[in-house]
Amino acid sequence: MSDIVNGMLGAFRLIFSLDADLFEIILLSLQVTISAVIIASFIGMPMGAWLAVNRFKFRRLTIAILNALMGLPPVVVGLIVYIFLSRSGPLGVLNLLFTPTAMIIAQVIIITPLIASISHQAIRDLWADYHDLLISLNATKSQRIFTLIKDSRRSLLTASLAGFGRAIGEVGAIMIVGGNIDHLTRVLTTAIALETGKGEFAFALALGFILIALAIIVNLAIHSISKTERASTW
Amino acid sequence: MKFVAHLLVFISTILFSNSAYTAEMKLAVTTSFNNSGLSDVLIPEIKKDLGLDVQLLVVGTGQALKLGRAGDVDAILVHSKKAEEEFVSDGFSTHRREIMYNDFVIIGPSSDPAKISNSTTTVEALGKIAKHKSIFTSRGDDSGTHRKEKSLWKAAGKDPERFEATWYRAVGAGMGATLNTASGMNAYLMSDRASWLKFGNKGELKLLFSGDPVLFNQYAYLPINPLKHSHVKIDHAKTLETWLTSKKTQKMIGAYTVNGETLFTPNAIKKVN
């Protein structure tokens, strides 16, 4: 128990000491995860919308696979990305292994199915309401997708935040493709794993509390920018 | 639209900020070397003396050799002589250069149920643990430490593959995680001295046996062969080798202590073998 108390105290001490290394780690965590969420949203949301408005032969199978991929084990994603980016792999010439870019790629793969799947469910419900209207207006397919994405933006925000939540706390994949290199690819989660390995539980916990605080701040910031979850607008 | 433009700038800064203008190289090292804290002393010195940014990938010896074979690092610093010699004979490195050694120690519950602390040899100590079936945690991750442990069991006439999981627990993790597991189960284990001294969650565990010469642990530096992987930064790898084996660095390695204990004995030889 005392480890937890020490961890909390340690978290405050770390933040108020304005430790440069700590801010570097926090900043990289945010850069990697936010980039991954933005990229994955640009891929996942149109994919979800497209699946909602189109009827094709293997639609049910595609959606089932997409839903199953939400549970993709990050370590496996990490390993696959590693094999591709390794110097001996097909994309080795790009020299991306052990860089933040490699970490972003792994996270995009992990969270795209999640964002696509949640988007699909939200848009499918809205499509049921909008179907007759959009058809009667003779809207083209891309117009329909655009309208649906625009009008279900609240639910899509949830999809992005879910992706953010999964990515910011992820450690298995980015450990493999990032390598946890000090001052280059070390982020909060890999630093926590490192400190736990050293048996420095209090310090590891302090970093953990900072990670949780960071996730809360980002979520609050998004809500305040997008003016959601306020008393006047339900 | 402005928002999107900002986004694109933001993403591209991240994506392209990796392009290197400074001298840098990637070195895969073992967890024991990093956990000892010696790397925290050496890395800034390397930067100061050579202007070289050494990026450390802290992995087990098995994985370090794998990264070297794939050409994903420029050099490796590991401790498993047999595997290193195979690495060289397979042509992935031109040579292995011995840098320093430390030693392994046997840790266990302070009550010492198998009574190993008065053993005279490692083989005797391990034999007692096996006979008593006291809980023993093994790295089980094909690292240098794991390979060493297996060879010691073999020397004691035992085959660790046949041990029952009731007492022999292969955790398949790094030194730190294995120490944490042992601490939780109050188990015996073999660790390098450096990781043990630096470990922050000792619990009931205590150093019970050490000093047997078979427990010495030689570290060697192996630059990756540019004939196998033309992209490796052989110049930096060579500069670093010269620096690591220099009188000044060797003296610094010998002078490094934790809680007043010397961790590494420098023994770099002048000539490349």
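Residues numbered from 1 in each chain as written. Chains lettered and ligands numbered in written order. Predicted model: local features only at pLDDT ≥ 70, side-chain atom pairs only at ≥ 80, totals over all residues.

1. Comments concerning the interface of chain A and chain B
- Each partner contributes residues to the interface: chain A has 21 residues there, and chain B has 25 residues.
- For the side of chain A that touches chain B, the element with the highest residue contribution is helix H2 (residues 20-53) of chain A, accounting for 3 residues.
- Among the residues making up the side of chain A that touches chain B, the classes are represented as 7 nonpolar, 10 polar and 4 charged. (Contact = placed C-beta atoms within 7 Å. Helix = DSSP H or I, 4+ residues; strand = E, 2+ residues; numbered from the N terminus. Nonpolar A, V, L, I, M, F, W, Y, C, P; charged D, E, K, R; others polar.)

2. Observations regarding the environment of Leu-184 of chain A
- Inspection of the secondary structure assignment puts Leu-184 of chain A in the loop between helix H8 (172-178) and helix H9 (188-197).
- Each C-alpha atom, one on Leu-184 of chain A and one on Ala-52 of chain A, is 41 Å from the other, the two residues being 132 residues apart in sequence.

3. Here's the deal with the packing of helix H4 (residues 74-85) of chain A against helix H5 (residues 100-136) of chain A
All names here are of chain A.
- Two elements in contact, H4 and H5, have axes whose closest approach is 10 Å; the angle formed by their N-to-C orientations is 135 degrees. As far as their axial angle goes, H5 and H4 are oblique. The two elements H4 and H5 meet at a crossing, and its hand is right-handed. Mapping the contact onto sequence places Pro-74, Val-77, Gly-78, Val-81 and Leu-85 in H4 and Ala-102, Ile-105, Ala-106, Ile-109 and Ile-110 in H5.
- Its residues placed into classes, the contact of H4 with H5 shows 9 nonpolar, 1 polar and no charged. (Axes fitted to C-alpha atoms, helices over the stretch in contact; angles between N-to-C directions. Parallel < 35°, antiparallel > 145°, perpendicular 65-115°, else oblique. Left-handed = near helix turned anticlockwise from the far one by under 90°.)

4. Some remarks on the nonpolar core
- The biggest cluster of nonpolar side chains holds 127 residues, and the ones touching the most others in it are Val-81, Ala-102, Ala-106 and Val-177 of chain A together with Leu-27, Ala-75 and Ile-76 of chain B.
- The element that contributes the greatest number of residues to this core is H5 of chain A, accounting for 15 residues.
- Looking at which domains feed residues into this core, each of domain 1 (23-101 + 217-266) and domain 2 (104-215) of chain B gives three or more.
- If we ignore the near neighbours within four places in the chain, the residues touching Ala-75 of chain B are Met-25, Leu-27, Tyr-221, Leu-222, Pro-223, Ile-224, Ala-237 and Leu-240 of chain B. (Core = buried A, V, L, I, M, F, W, Y, C linked by C-beta atoms within 7 Å. Buried ≥ 20, exposed ≤ 12 C-beta atoms within 10 Å, placed from the backbone. Domains from an automatic or database assignment.)

5. Quick notes on the domain arrangement of chain B
Residues and elements named next belong to chain B.
- As assigned here, chain B comprises domain 1 (23-101 + 217-266) and domain 2 (104-215).
- Taken together, the contact pairs 18 residues of domain 1 with 17 residues of domain 2.
- Every element with two or more residues in the side of domain 1 that touches domain 2 is listed here: helix H2 (31-35) and helix H4 (61-70).
- Sorting elements by how many residues they give to the side of domain 1 that touches domain 2 places H2 first, with 3 residues.
- Residues belonging to the side of domain 1 that touches domain 2 are distributed by class as follows: 4 nonpolar, 13 polar and 1 charged.

6. Some details on the packing of helix H3 (residues 38-50) of chain B against helix H10 (residues 234-244) of chain B
Residue and element names in this part refer to chain B.
- In contact at an axis separation of 12 Å, H3 and H10 are set at 110 degrees when each is read in the N-to-C sense. It follows from the interaxial angle that H3 and H10 lie roughly perpendicular. By crossing handedness, the relation of H3 to H10 is classed as right-handed. Between H3, through Ile-46, Asp-49 and Leu-50, and H10, the contact on the second element is made entirely by Thr-239, Leu-240 and Trp-243.
- For the contact of H3 with H10, the per-class residue count stands at 4 nonpolar, 1 polar and 1 charged.

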